[in-house]
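Residues per chain are reported as follows:
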Amino acid sequence: MTEAYAATDFADRGQLNSVQLNVVTLVDMEKAAATKSLDGCLYMMDNSVGGVGQGADHLETICKQGQVINWIIRPIDMHRRADGTWPPMPKINNLVFLDIEKGDEDDVAERRIMTELKVYGAPDRIRDQYTAVYYYWAGAVMSDARPGLYRYRMVLELEKEHGTDKLYLNSVRYPALRVLPV
């Protein structure tokens, strides 16, 4: 049985024809390392339909129950330097979903929102002038997640300019997933 649907039936439901969404975050590594904060250092975009906050650090991504989401992270400066070195890389260490129903956005959500699909990426092995290199974190929205707004905190691991030490920072403003029913 075939039914015709108006385009407006799906306009506010995210990309129901898409299996995956991408959330791309650019990090101003120099500023983050200097201030030891992510405040004003994150620029987020996604390919969802109807999301708000494109280019800001508090992006709201529209998604559906069961949808796979890839969080891609890159430094703003991605080009090899004149001395032949590469700039430091950011990595998503974790996404922590918050319980805003309790009124305290610092409380970790008691109920799982995502199934983690692991951290991916190996930039040190494949960096060259022709290959886009980045880390990403992937997860699938639980198929039984209640429709609603789910804020999360990004925990980032930043390589330092010199040495092997890492800098771990949490996002200051909270991006969110707006889960719509299928």
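My aim in this report is to walk through the structure given alongside it, one point at a time.

Definitions and limits used
Residues numbered from 1 in each chain as written. Predicted model: local features only at pLDDT ≥ 70, side-chain atom pairs only at ≥ 80, totals over all residues. Heavy atoms only, no water. Helix = DSSP H or I, 4+ residues; strand = E, 2+ residues; numbered from the N terminus. Buried < 20%, exposed > 50% of the residue type's maximum accessible area, 1.4 Å probe, protein only. Contact = heavy atoms within 4.5 Å. Areas by Shrake-Rupley, 256 points an atom, 1.4 Å probe, with all protein chains shown as cover. Salt bridge = Lys/Arg side-chain N within 4 Å of Asp/Glu carboxyl O. Phe/Tyr/Trp six-rings, centres within 6.5 Å; stacked < 30°, edge-to-face > 60°. Core = buried A, V, L, I, M, F, W, Y, C linked by side-chain atoms within 4.5 Å. Pairing = 2+ DSSP bridges.

1. Some points on the overall build of the protein
Reasoning step 1: Helix and strand counts for the protein stand at 3 helices and 10 strands.
Reasoning step 2: Starting at the N terminus and ending at the C terminus, the protein contains elements arranged as α-β-α-β-β-β-β-β-α-β-β-β-β.
Reasoning step 3: Relative to its full complement of 182 residues, the protein shows a buried share of 40%.
Reasoning step 4: Put simply, 66% of the contacts in the protein that link residues at least 6 apart link residues at least 24 apart.
Reasoning step 5: Of the roughly 10,200 Å² that the protein leaves accessible, carbon and sulfur atoms contribute 50%.

2. So, the pattern of salt bridges
As a working rule, side chains carrying opposite charge can pair if their charged atoms are close by.
Reasoning step 1: For the coordinates displayed, the defined rule picks out 3 salt bridges.
Reasoning step 2: A salt bridge links R178 to E60; the shortest N-O distance between them is 2.8 Å. On the criterion of sequence distance, the pair formed by R178 in strand 10 (residues 176-180) and E60 in strand 3 (residues 60-64) is long-range, its members being 118 residues apart.
Reasoning step 3: For E60, a relative accessible area of 15% translates into the label buried.
Reasoning step 4: Three or more residues joined by partner-sharing salt bridges are found here, namely D39, D57 and R173.

3. With respect to the packing of aromatic side chains
Reasoning step 1: Following the criterion strictly, the structure yields 3 aromatic pairs and no others.
Reasoning step 2: On the numbers, 5.5 Å between centres and 70° between planes, the contact of W71 with W137 is edge-to-face. Residue W71 is located in strand 4 (residues 68-75), and its partner W137 is located in strand 7 (residues 135-141); the two are separated by 66 residues in the primary sequence.
Reasoning step 3: By relative accessible area, W71 is classed as buried at 0%.
Reasoning step 4: By way of ring pairs, the aromatic residues W71, F97, W137 and Y152 are connected into one cluster.

4. Looking at the nonpolar core
Reasoning step 1: With 35 residues, the main nonpolar core has I69, W71, M114, Y152, L156, L158 and L177 as its most contacted residues.
Reasoning step 2: Here the element with the most residues in this core is strand 8 (residues 148-159); it accounts for 5 residues.
Reasoning step 3: When neighbours within four sequence positions are excluded, Y152 is seen to be in contact with V23, M44, W71, L95, V96, F97, L98, S171, Y174, P175, A176 and L177.

5. Observations concerning the pairing of strand 7
Reasoning step 1: Burial analysis of strand 7 places 6 of its 7 residues in the buried class, the great majority of the element.
Reasoning step 2: Both strand 4 and strand 7 contribute to a ladder of 6 bridges, which runs antiparallel. Across the sheet, residue I69 finds its bridge partner in strand 7, namely G139.

6. With respect to unusual backbone geometry
Reasoning step 1: One non-glycine residue, K36, adopts positive backbone phi at about 50°.
Reasoning step 2: We classify K36 as exposed; its relative accessible area is 54%.

7. Topic: the environment of E161
Reasoning step 1: Within the secondary structure, E161 sits in the loop between strand 8 and strand 9 (166-170).
Reasoning step 2: Take E161: its relative accessible area is 42%, and that puts it in the partly exposed class.
Reasoning step 3: As a C-alpha pair, E161 and M29 span 132 residues in sequence and 9.2 Å in three-dimensional space.
Reasoning step 4: When near neighbours in sequence (up to four residues on either side) are disregarded, E161 contacts R81 and P88.

8. Side note on the pairing of strand 2 (residues 42-46)
Reasoning step 1: Only one face of strand 2 is covered, namely the one carrying L42, M44 and D46; the face carrying Y43 and M45 has none of its residues buried.
Reasoning step 2: One ladder, built from 5 bridges, connects strand 1 (residues 20-27) with strand 2; its direction is antiparallel. In the sheet register, V23 faces strand 2, and the bridge partner there is D46.

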